[in-house]
Amino acid sequence: MDESLENQTQTQTLDQENEIVTEGSAAVHGEPSQDGSVPPKVDSEVEVLDEKVSKQIIKEGHGSKPSKYSSCFLHYRAWTKHTQHKFEDTWQEQQPIELVLGKEKKEMAGLAIGVSSMKSGERALLHIGWELGYGKDGNFSFPNVPPMADLLYEVEVIGFDETKEATDLRGWIVQGKARSDMTVEERIGAADRRKMDGNNLFKEDKLEEAMQQYEMAIAYMGDDFMFQLYGKYQDMALAVKNPCHLNMAACLIKLKRYDEAIGHCNIVLTEEEKTPKALFRRGKAKAELGQMDSAREDFRKAQKYAPDDNAIRRELRAIAEQEKAVYQKQKEMYKGMFVGREESGGKGKSRNWLIMLWQWMVSLFSRVFGRHRVKAD
(Lines give C-alpha, C1' and ligand atoms only; values in the text may rest on other atoms or scores of the structure.)
Protein backbone atom coordinates (compact mmCIF):
# COMPACT_ATOMS: atom_id res chain seq x y z
CA MET A 1 0.00 0.00 0.00
CA ASP A 2 1.08 3.53 -0.07
CA GLU A 3 3.26 4.62 2.81
CA SER A 4 0.53 6.63 4.52
CA LEU A 5 -1.48 3.44 4.86
CA GLU A 6 1.49 1.28 5.79
CA ASN A 7 2.48 3.65 8.58
CA GLN A 8 -0.84 3.58 10.36
CA THR A 9 -0.41 3.14 14.10
CA GLN A 10 -0.31 -0.32 15.60
CA THR A 11 -3.35 0.51 17.70
CA GLN A 12 -5.58 0.10 14.67
CA THR A 13 -6.93 -3.40 14.33
CA LEU A 14 -5.16 -5.59 11.79
CA ASP A 15 -8.37 -6.99 10.36
CA GLN A 16 -10.28 -3.77 9.73
CA GLU A 17 -11.57 -3.50 6.19
CA ASN A 18 -9.48 -0.47 5.22
CA GLU A 19 -6.44 -2.20 6.66
CA ILE A 20 -7.02 -5.29 4.59
CA VAL A 21 -7.50 -3.08 1.56
CA THR A 22 -4.01 -1.76 2.10
CA GLU A 23 -2.73 -5.31 2.07
CA GLY A 24 -4.42 -7.28 -0.55
CA SER A 25 -4.22 -10.66 -2.13
CA ALA A 26 -2.65 -13.48 -3.98
CA ALA A 27 -3.45 -14.33 -7.47
CA VAL A 28 -6.62 -16.24 -8.09
CA HIS A 29 -5.60 -16.20 -11.75
CA GLY A 30 -2.18 -17.30 -10.69
CA GLU A 31 -3.29 -20.73 -9.61
CA PRO A 32 -3.07 -23.75 -11.90
CA SER A 33 -6.18 -25.60 -12.91
CA GLN A 34 -5.06 -28.85 -11.27
CA ASP A 35 -2.44 -29.89 -8.74
CA GLY A 36 0.22 -29.39 -11.39
CA SER A 37 1.92 -32.79 -11.24
CA VAL A 38 0.66 -33.59 -14.75
CA PRO A 39 -0.60 -31.39 -17.60
CA PRO A 40 -4.27 -30.40 -17.36
CA LYS A 41 -6.84 -32.18 -19.48
CA VAL A 42 -8.42 -29.62 -21.80
CA ASP A 43 -11.41 -30.23 -24.06
CA SER A 44 -11.52 -26.88 -25.86
CA GLU A 45 -10.90 -26.44 -29.58
CA VAL A 46 -7.28 -26.51 -30.75
CA GLU A 47 -6.17 -23.21 -32.30
CA VAL A 48 -3.14 -23.44 -34.59
CA LEU A 49 -0.91 -20.40 -34.07
CA ASP A 50 2.14 -21.61 -35.97
CA GLU A 51 3.36 -24.74 -37.67
CA LYS A 52 4.90 -25.77 -34.34
CA VAL A 53 2.61 -24.00 -31.85
CA SER A 54 -1.05 -24.62 -30.99
CA LYS A 55 -3.27 -23.47 -28.15
CA GLN A 56 -6.27 -24.68 -26.15
CA ILE A 57 -8.01 -22.12 -23.94
CA ILE A 58 -8.63 -23.15 -20.34
CA LYS A 59 -10.07 -19.82 -19.17
CA GLU A 60 -11.04 -16.80 -21.25
CA GLY A 61 -9.24 -13.52 -20.71
CA HIS A 62 -10.34 -9.93 -21.19
CA GLY A 63 -9.25 -6.85 -23.08
CA SER A 64 -6.82 -6.71 -25.97
CA LYS A 65 -3.80 -8.85 -26.85
CA PRO A 66 -0.24 -7.61 -26.28
CA SER A 67 1.68 -6.03 -29.13
CA LYS A 68 5.31 -6.59 -30.08
CA TYR A 69 7.82 -5.56 -27.43
CA SER A 70 5.15 -5.55 -24.71
CA SER A 71 6.36 -6.70 -21.30
CA CYS A 72 4.10 -9.64 -20.41
CA PHE A 73 3.87 -10.95 -16.86
CA LEU A 74 2.87 -14.57 -16.57
CA HIS A 75 2.84 -17.79 -14.60
CA TYR A 76 3.43 -21.16 -16.20
CA ARG A 77 4.09 -24.82 -15.65
CA ALA A 78 6.07 -26.73 -18.26
CA TRP A 79 6.31 -30.44 -19.13
CA THR A 80 7.96 -32.53 -21.79
CA LYS A 81 5.05 -33.69 -23.91
CA HIS A 82 5.82 -37.41 -24.29
CA THR A 83 7.16 -38.25 -20.82
CA GLN A 84 5.12 -35.56 -19.00
CA HIS A 85 8.17 -34.70 -16.91
CA LYS A 86 7.57 -31.32 -15.25
CA PHE A 87 10.71 -29.19 -15.53
CA GLU A 88 9.55 -25.73 -14.41
CA ASP A 89 6.82 -24.22 -12.23
CA THR A 90 6.61 -20.50 -11.45
CA TRP A 91 3.47 -20.98 -9.35
CA GLN A 92 5.39 -23.19 -6.97
CA GLU A 93 8.07 -20.52 -6.64
CA GLN A 94 5.37 -17.82 -6.16
CA GLN A 95 7.34 -15.68 -8.57
CA PRO A 96 5.80 -14.65 -11.93
CA ILE A 97 8.16 -14.01 -14.84
CA GLU A 98 8.40 -11.23 -17.38
CA LEU A 99 8.52 -12.05 -21.10
CA VAL A 100 9.22 -9.18 -23.51
CA LEU A 101 7.71 -10.17 -26.85
CA GLY A 102 10.25 -9.92 -29.63
CA LYS A 103 13.15 -10.04 -27.15
CA GLU A 104 12.62 -13.51 -25.74
CA LYS A 105 15.34 -16.14 -25.39
CA LYS A 106 15.61 -18.68 -28.21
CA GLU A 107 14.16 -21.51 -26.11
CA MET A 108 11.08 -19.40 -25.36
CA ALA A 109 10.23 -18.60 -28.98
CA GLY A 110 7.23 -20.95 -28.98
CA LEU A 111 6.06 -19.67 -25.61
CA ALA A 112 6.23 -16.09 -26.91
CA ILE A 113 4.08 -17.01 -29.93
CA GLY A 114 1.47 -18.48 -27.60
CA VAL A 115 1.53 -15.55 -25.18
CA SER A 116 1.17 -13.03 -28.02
CA SER A 117 -2.23 -14.61 -28.80
CA MET A 118 -3.50 -14.37 -25.21
CA LYS A 119 -5.43 -11.69 -23.34
CA SER A 120 -4.90 -10.52 -19.79
CA GLY A 121 -6.22 -13.13 -17.36
CA GLU A 122 -6.37 -15.83 -20.02
CA ARG A 123 -5.14 -19.32 -19.16
CA ALA A 124 -4.25 -21.78 -21.90
CA LEU A 125 -2.44 -25.00 -22.67
CA LEU A 126 0.25 -24.50 -25.32
CA HIS A 127 1.62 -27.33 -27.45
CA ILE A 128 5.11 -26.42 -28.70
CA GLY A 129 7.38 -28.37 -31.04
CA TRP A 130 10.98 -28.92 -30.04
CA GLU A 131 12.20 -26.63 -32.83
CA LEU A 132 10.73 -23.61 -30.97
CA GLY A 133 11.66 -24.93 -27.54
CA TYR A 134 14.99 -26.25 -26.28
CA GLY A 135 15.95 -27.57 -29.70
CA LYS A 136 17.85 -30.55 -30.95
CA ASP A 137 20.30 -30.64 -28.04
CA GLY A 138 17.90 -29.93 -25.16
CA ASN A 139 19.21 -28.46 -21.92
CA PHE A 140 21.09 -30.37 -19.25
CA SER A 141 21.44 -27.65 -16.62
CA PHE A 142 18.34 -25.88 -15.29
CA PRO A 143 15.77 -26.52 -16.51
CA ASN A 144 16.55 -30.11 -17.43
CA VAL A 145 15.00 -30.79 -20.85
CA PRO A 146 16.01 -33.76 -23.03
CA PRO A 147 16.99 -33.38 -26.72
CA MET A 148 14.24 -32.87 -29.31
CA ALA A 149 11.52 -32.69 -26.65
CA ASP A 150 8.12 -31.33 -27.60
CA LEU A 151 6.72 -29.20 -24.77
CA LEU A 152 3.46 -28.44 -22.99
CA TYR A 153 2.94 -25.15 -21.15
CA GLU A 154 0.02 -24.31 -18.89
CA VAL A 155 0.23 -20.52 -19.06
CA GLU A 156 -1.68 -17.68 -17.47
CA VAL A 157 -1.08 -14.09 -18.51
CA ILE A 158 -1.32 -11.89 -15.43
CA GLY A 159 -1.09 -8.68 -17.45
CA PHE A 160 1.22 -6.69 -19.69
CA ASP A 161 2.71 -3.26 -20.24
CA GLU A 162 2.26 -1.96 -23.76
CA THR A 163 5.14 -0.51 -25.73
CA LYS A 164 3.91 3.06 -25.50
CA GLU A 165 5.78 5.07 -22.92
CA ALA A 166 4.07 6.00 -19.68
CA THR A 167 5.25 7.46 -16.41
CA ASP A 168 4.52 6.49 -12.85
CA LEU A 169 3.53 8.89 -10.08
CA ARG A 170 7.15 9.90 -9.57
CA GLY A 171 7.49 10.86 -13.22
CA TRP A 172 9.78 7.99 -14.22
CA ILE A 173 9.25 6.38 -17.62
CA VAL A 174 8.52 2.75 -16.88
CA GLN A 175 6.44 1.23 -19.68
CA GLY A 176 7.99 0.22 -22.94
CA LYS A 177 11.09 -1.06 -21.13
CA ALA A 178 12.05 -4.50 -19.97
CA ARG A 179 12.98 -4.80 -16.34
CA SER A 180 16.58 -5.47 -17.27
CA ASP A 181 16.74 -2.10 -19.06
CA MET A 182 15.39 -0.12 -16.09
CA THR A 183 17.36 1.62 -13.40
CA VAL A 184 16.81 0.60 -9.79
CA GLU A 185 14.59 3.62 -9.22
CA GLU A 186 12.51 2.84 -12.31
CA ARG A 187 11.89 -0.74 -11.27
CA ILE A 188 10.90 0.20 -7.74
CA GLY A 189 8.69 2.97 -9.11
CA ALA A 190 7.00 0.61 -11.58
CA ALA A 191 6.32 -1.92 -8.81
CA ASP A 192 4.96 0.79 -6.53
CA ARG A 193 2.59 1.98 -9.26
CA ARG A 194 1.30 -1.57 -9.71
CA LYS A 195 0.81 -1.90 -5.98
CA MET A 196 -1.26 1.27 -5.79
CA ASP A 197 -3.34 0.18 -8.77
CA GLY A 198 -3.98 -3.09 -6.96
CA ASN A 199 -5.07 -1.25 -3.83
CA ASN A 200 -7.58 0.79 -5.78
CA LEU A 201 -9.00 -2.31 -7.46
CA PHE A 202 -9.27 -4.09 -4.13
CA LYS A 203 -11.26 -1.20 -2.69
CA GLU A 204 -13.73 -1.80 -5.53
CA ASP A 205 -13.85 -5.50 -4.56
CA LYS A 206 -12.21 -6.49 -7.84
CA LEU A 207 -10.04 -9.13 -6.24
CA GLU A 208 -8.78 -10.89 -9.33
CA GLU A 209 -7.75 -7.68 -11.05
CA ALA A 210 -6.12 -6.46 -7.86
CA MET A 211 -4.14 -9.67 -7.55
CA GLN A 212 -2.87 -9.31 -11.08
CA GLN A 213 -1.42 -5.92 -10.19
CA TYR A 214 0.21 -7.24 -7.02
CA GLU A 215 1.74 -10.14 -8.94
CA MET A 216 3.20 -7.80 -11.54
CA ALA A 217 4.62 -5.60 -8.80
CA ILE A 218 6.29 -8.65 -7.25
CA ALA A 219 7.66 -9.61 -10.66
CA TYR A 220 9.58 -6.31 -10.76
CA MET A 221 11.10 -7.22 -7.39
CA GLY A 222 12.42 -10.65 -8.41
CA ASP A 223 15.20 -12.44 -6.53
CA ASP A 224 17.76 -11.62 -9.21
CA PHE A 225 17.06 -7.94 -8.58
CA MET A 226 16.79 -8.05 -4.79
CA PHE A 227 20.15 -9.82 -4.39
CA GLN A 228 21.88 -6.84 -5.99
CA LEU A 229 20.44 -4.28 -3.58
CA TYR A 230 21.75 -3.01 -0.27
CA GLY A 231 21.28 0.00 1.95
CA LYS A 232 18.54 2.46 1.12
CA TYR A 233 17.67 0.78 -2.20
CA GLN A 234 17.05 -2.51 -0.45
CA ASP A 235 14.84 -0.76 2.09
CA MET A 236 12.92 1.00 -0.71
CA ALA A 237 12.35 -2.26 -2.58
CA LEU A 238 11.21 -4.17 0.52
CA ALA A 239 8.82 -1.32 1.38
CA VAL A 240 7.03 -2.12 -1.90
CA LYS A 241 7.53 -5.87 -2.18
CA ASN A 242 6.49 -6.97 1.32
CA PRO A 243 3.18 -5.06 1.37
CA CYS A 244 2.31 -6.71 -1.96
CA HIS A 245 2.84 -10.16 -0.41
CA LEU A 246 0.74 -9.12 2.58
CA ASN A 247 -1.94 -7.80 0.24
CA MET A 248 -1.91 -11.12 -1.55
CA ALA A 249 -2.32 -12.97 1.75
CA ALA A 250 -5.28 -10.83 2.80
CA CYS A 251 -7.11 -11.48 -0.47
CA LEU A 252 -6.34 -15.18 -0.34
CA ILE A 253 -7.85 -15.41 3.13
CA LYS A 254 -11.02 -13.77 1.82
CA LEU A 255 -11.03 -16.28 -1.03
CA LYS A 256 -10.50 -19.19 1.41
CA ARG A 257 -7.16 -20.10 -0.17
CA TYR A 258 -5.44 -20.48 3.16
CA ASP A 259 -2.35 -22.48 2.19
CA GLU A 260 -1.37 -19.90 -0.40
CA ALA A 261 -1.92 -17.09 2.08
CA ILE A 262 0.46 -18.79 4.50
CA GLY A 263 3.06 -19.01 1.73
CA HIS A 264 3.00 -15.26 1.10
CA CYS A 265 3.21 -14.50 4.82
CA ASN A 266 6.22 -16.80 5.08
CA ILE A 267 8.01 -14.81 2.38
CA VAL A 268 7.57 -11.60 4.39
CA LEU A 269 8.58 -13.26 7.66
CA THR A 270 11.76 -14.55 6.03
CA GLU A 271 12.73 -10.95 5.38
CA GLU A 272 11.47 -9.59 8.70
CA GLU A 273 10.37 -12.03 11.38
CA LYS A 274 8.91 -9.31 13.59
CA THR A 275 6.19 -8.19 11.16
CA PRO A 276 2.93 -8.33 13.16
CA LYS A 277 0.69 -8.14 10.09
CA ALA A 278 2.35 -11.19 8.54
CA LEU A 279 2.10 -13.12 11.81
CA PHE A 280 -1.52 -12.07 12.25
CA ARG A 281 -2.58 -13.11 8.76
CA ARG A 282 -0.67 -16.35 8.90
CA GLY A 283 -2.39 -17.08 12.21
CA LYS A 284 -5.79 -16.35 10.64
CA ALA A 285 -5.10 -18.76 7.78
CA LYS A 286 -3.85 -21.47 10.13
CA ALA A 287 -6.90 -21.09 12.38
CA GLU A 288 -9.17 -21.59 9.37
CA LEU A 289 -7.26 -24.77 8.56
CA GLY A 290 -7.79 -26.03 12.13
CA GLN A 291 -4.12 -25.63 13.12
CA MET A 292 -5.04 -24.04 16.44
CA ASP A 293 -1.78 -24.51 18.36
CA SER A 294 0.29 -23.02 15.55
CA ALA A 295 -2.24 -20.21 15.03
CA ARG A 296 -2.15 -19.33 18.73
CA GLU A 297 1.63 -19.16 18.58
CA ASP A 298 1.50 -16.73 15.64
CA PHE A 299 -1.08 -14.53 17.37
CA ARG A 300 0.98 -14.42 20.55
CA LYS A 301 4.08 -13.41 18.58
CA ALA A 302 2.06 -10.73 16.78
CA GLN A 303 0.77 -9.49 20.14
CA LYS A 304 4.34 -9.19 21.38
CA TYR A 305 5.10 -6.70 18.58
CA ALA A 306 1.65 -5.03 18.61
CA PRO A 307 0.50 -5.32 22.25
CA ASP A 308 -2.42 -2.90 21.94
CA ASP A 309 -4.04 -4.45 18.89
CA ASN A 310 -7.64 -5.46 19.50
CA ALA A 311 -7.85 -7.81 16.52
CA ILE A 312 -5.15 -10.04 17.96
CA ARG A 313 -6.97 -10.18 21.30
CA ARG A 314 -10.18 -11.17 19.51
CA GLU A 315 -8.49 -14.00 17.66
CA LEU A 316 -6.84 -15.36 20.81
CA ARG A 317 -10.18 -15.13 22.64
CA ALA A 318 -11.93 -16.92 19.78
CA ILE A 319 -9.42 -19.78 19.90
CA ALA A 320 -9.83 -20.08 23.68
CA GLU A 321 -13.63 -20.15 23.40
CA GLN A 322 -13.54 -22.70 20.63
CA GLU A 323 -11.26 -24.99 22.60
CA LYS A 324 -13.47 -24.60 25.67
CA ALA A 325 -16.52 -25.60 23.64
CA VAL A 326 -14.69 -28.64 22.28
CA TYR A 327 -13.65 -29.62 25.82
CA GLN A 328 -17.21 -29.34 27.11
CA LYS A 329 -18.49 -31.46 24.23
CA GLN A 330 -15.88 -34.12 24.88
CA LYS A 331 -16.66 -34.03 28.60
CA GLU A 332 -20.36 -34.66 27.94
CA MET A 333 -19.53 -37.45 25.54
CA TYR A 334 -17.21 -39.21 28.00
CA LYS A 335 -19.72 -38.71 30.80
CA GLY A 336 -22.33 -40.53 28.73
CA MET A 337 -19.87 -43.34 28.13
CA PHE A 338 -19.18 -43.76 31.85
CA VAL A 339 -22.87 -43.67 32.71
CA GLY A 340 -23.46 -46.37 30.14
CA ARG A 341 -20.71 -48.47 31.64
CA GLU A 342 -22.11 -48.06 35.16
CA GLU A 343 -25.56 -49.06 33.98
CA SER A 344 -24.22 -52.02 32.11
CA GLY A 345 -22.13 -52.87 35.17
CA GLY A 346 -25.23 -52.84 37.42
CA LYS A 347 -27.09 -55.13 35.08
CA GLY A 348 -24.10 -57.42 35.03
CA LYS A 349 -24.06 -57.63 38.80
CA SER A 350 -27.78 -58.51 38.87
CA ARG A 351 -27.18 -61.26 36.33
CA ASN A 352 -24.32 -62.59 38.43
CA TRP A 353 -26.55 -62.87 41.55
CA LEU A 354 -29.21 -64.73 39.59
CA ILE A 355 -26.66 -67.19 38.29
CA MET A 356 -25.23 -67.74 41.73
CA LEU A 357 -28.75 -68.30 43.16
CA TRP A 358 -29.57 -70.77 40.38
CA GLN A 359 -26.31 -72.67 40.97
CA TRP A 360 -27.05 -72.84 44.75
CA MET A 361 -30.54 -74.19 44.16
CA VAL A 362 -29.22 -76.83 41.71
CA SER A 363 -26.56 -77.84 44.22
CA LEU A 364 -29.13 -78.09 47.04
CA PHE A 365 -31.49 -80.13 44.89
CA SER A 366 -28.66 -82.47 43.94
CA ARG A 367 -27.76 -83.05 47.59
CA VAL A 368 -31.36 -83.70 48.67
CA PHE A 369 -31.95 -85.99 45.71
CA GLY A 370 -28.70 -87.80 46.44
CA ARG A 371 -29.71 -88.48 50.08
CA HIS A 372 -33.08 -89.89 49.12
CA ARG A 373 -31.42 -92.12 46.58
CA VAL A 374 -29.03 -93.52 49.24
CA LYS A 375 -31.93 -94.31 51.62
CA ALA A 376 -33.79 -96.12 48.87
CA ASP A 377 -30.80 -98.29 48.14
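Residues numbered from 1 in each chain as written. Predicted model: local features only at pLDDT ≥ 70, side-chain atom pairs only at ≥ 80, totals over all residues. Heavy atoms only, no water.

### Points about the pattern of salt bridges
Using the criterion set out here, one finds 16 salt bridges in the structure. Residue Lys-195 pairs with Asp-192 through a salt bridge whose shortest N-O separation is 3.3 Å. With a gap of three residues between them, Lys-195 and Asp-192 both fall in helix α5 (residues 184–203), about one helical turn apart. The burial state of Lys-195 is the same as that of Asp-192; both residues are buried. For Arg-296, the salt bridge identified is with Glu-323, shortest N-O distance 2.4 Å. A residue pair is termed long-range when its members are at least 10 positions apart, and Arg-296 in helix α11 (residues 292–305) and Glu-323 in helix α12 (residues 310–376) qualify at 27 residues. (Salt bridge = Lys/Arg side-chain N within 4 Å of Asp/Glu carboxyl O. Helix = DSSP H or I, 4+ residues; strand = E, 2+ residues; numbered from the N terminus. Buried < 20%, exposed > 50% of the residue type's maximum accessible area, 1.4 Å probe, protein only.)

### Notes on helix α4 (residues 109–116)
By the criterion of burial, α4 is predominantly enclosed, with six of the eight residues buried. Taken together, the buried residues of α4 touch β1 (47–50), β2 (53–59), β3 (71–80), β5 (97–100), β6 (123–128) and β7 (151–161). (Contact = heavy atoms within 4.5 Å.)

### A few points about the nonpolar core
Side chains of nonpolar character tend, in soluble globular proteins, to be buried together. Membership of the largest hydrophobic core comes to 27 residues, with the highest contact counts inside it found for Tyr-220, Met-221 and Met-226. The element best represented in this core is helix α6 (residues 207–220), accounting for nine residues. Setting aside its immediate chain neighbours within four residues, Tyr-220 contacts Phe-73, Asp-161, Arg-179, Met-182, Arg-187, Ala-190, Ala-191, Arg-194 and Phe-225. Counting 25 residues, the second-largest nonpolar core is a separate cluster that includes Leu-74, Ala-78, Leu-111 and Ala-124. (Core = buried A, V, L, I, M, F, W, Y, C linked by side-chain atoms within 4.5 Å.)

### Some words on the pairing of β1
For a regular strand, the rule is simple: side chains alternate between the two faces of the sheet. As paired elements, β1 and β2 share three bridges and run antiparallel to each other. Counterpart to Asp-50 in the pairing with β2 is Val-53. Where β1 hands over to β2, the hairpin turn is made up of two residues, counted between the paired strands. (Pairing = 2+ DSSP bridges.)

### Describing a negative patch on the surface
Taken together, the side chains of Glu-93, Asp-223, Asp-224 and Glu-271 make up a negatively charged region of the molecular surface. Tracing the sequence through the fold places Asp-223 in helix α7 (residues 223–226). A relative accessible area of 46% means that Asp-223 is categorised as partly exposed. (Patch = residues over 30% accessible without salt bridge, like charges linked within 9 Å, V, L, I, M, F, W, Y side chains within 5 Å. Areas by Shrake-Rupley, 256 points an atom, 1.4 Å probe, with all protein chains shown as cover. Lys, Arg positive; Asp, Glu negative; His and termini not counted. Charge placed at Lys NZ, Arg CZ, Asp CG, Glu CD.)

### Focus on the packing of helix α10 (residues 276–288) against α11
The N-to-C vectors of α10 and α11 enclose an angle of 160°; their axes lie 8 Å apart at closest approach. The orientation of α10 relative to α11 falls into the category roughly antiparallel. By crossing handedness, the relation of α10 to α11 is classed as left-handed. Two secondary-structure elements touch here, α10 through Pro-276, Leu-279, Phe-280, Arg-282, Gly-283, Lys-284, Lys-286 and Ala-287 and α11 through Met-292, Ser-294, Ala-295, Asp-298, Phe-299, Lys-301, Ala-302 and Tyr-305. (Axes fitted to C-alpha atoms, helices over the stretch in contact; angles between N-to-C directions. Parallel < 35°, antiparallel > 145°, perpendicular 65-115°, else oblique. Left-handed = near helix turned anticlockwise from the far one by under 90°.)

### Some words on α11
The terminal C-alpha atoms of α11 lie 20 Å apart, and with 14 residues this matches the ideal 20 Å at 1.5 Å per residue to within 8%. Of the positions making up α11, those classed as buried are Met-292, Ala-295, Arg-296, Asp-298, Phe-299 and Ala-302. The buried residues of α11 occupy one face: seen down the axis, they fall within an arc of 160°. Exposed side of α11, more than 90 degrees from the buried face: Asp-293, Arg-300 and Lys-304 are the residues found there. (Expected span 1.5 Å × (residues − 1). Arc of directions from axis to C-beta.)

### Comments concerning the packing of α5 against helix α8 (residues 231–254)
Packing of α5 against α8 leaves a shortest axis separation of 10 Å and a crossing angle of 25°. As the angle between them shows, α5 and α8 are arranged roughly parallel. When the axes of α5 and α8 are compared, the crossing they make is left-handed. Residues Val-184, Glu-185, Ile-188, Ala-191, Asp-192, Lys-195, Asn-199 and Phe-202 of α5 pack against Tyr-233, Met-236, Ala-237, Ala-239, Val-240, Pro-243, Cys-244, Asn-247, Cys-251 and Lys-254 of α8. Class assignment for the residues of the contact of α5 with α8 results in 12 nonpolar, two polar and four charged. (Nonpolar A, V, L, I, M, F, W, Y, C, P; charged D, E, K, R; others polar.)

### Observations concerning unusual backbone geometry
Only a minority of non-glycine residues have a phi that is not negative, and only a minority of peptide bonds are not trans. Between Phe-142 and the following residue, Pro-143, the backbone shows a cis peptide bond with an omega angle of -5°. On the secondary structure map, Pro-143 appears in the loop between β6 and β7. Residue Tyr-69 is not a glycine yet carries a positive backbone phi of 75°. Structurally, Tyr-69 is set in the loop between β2 and β3. Despite not being glycine, Gln-84 shows a phi value in the positive range, around 55°. For Gln-84, the location among the structural elements is in the loop between β3 and β4 (86–89). On the basis of relative accessibility, which here comes to 38%, the residue Gln-84 falls in the partly exposed class.

### Regarding the UniProt feature "repeat: TPR" (unreviewed entry) in the protein chain
The feature "repeat: TPR" (unreviewed entry), as annotated in UniProt, sits at residues 276–309 in this numbering. Strand forms 0% of residues 276–309 and helix 79%; the C-alpha atoms that close the span are 10 Å apart. (UniProt positions renumbered as here; feature names shortened; annotations may be inferred.)

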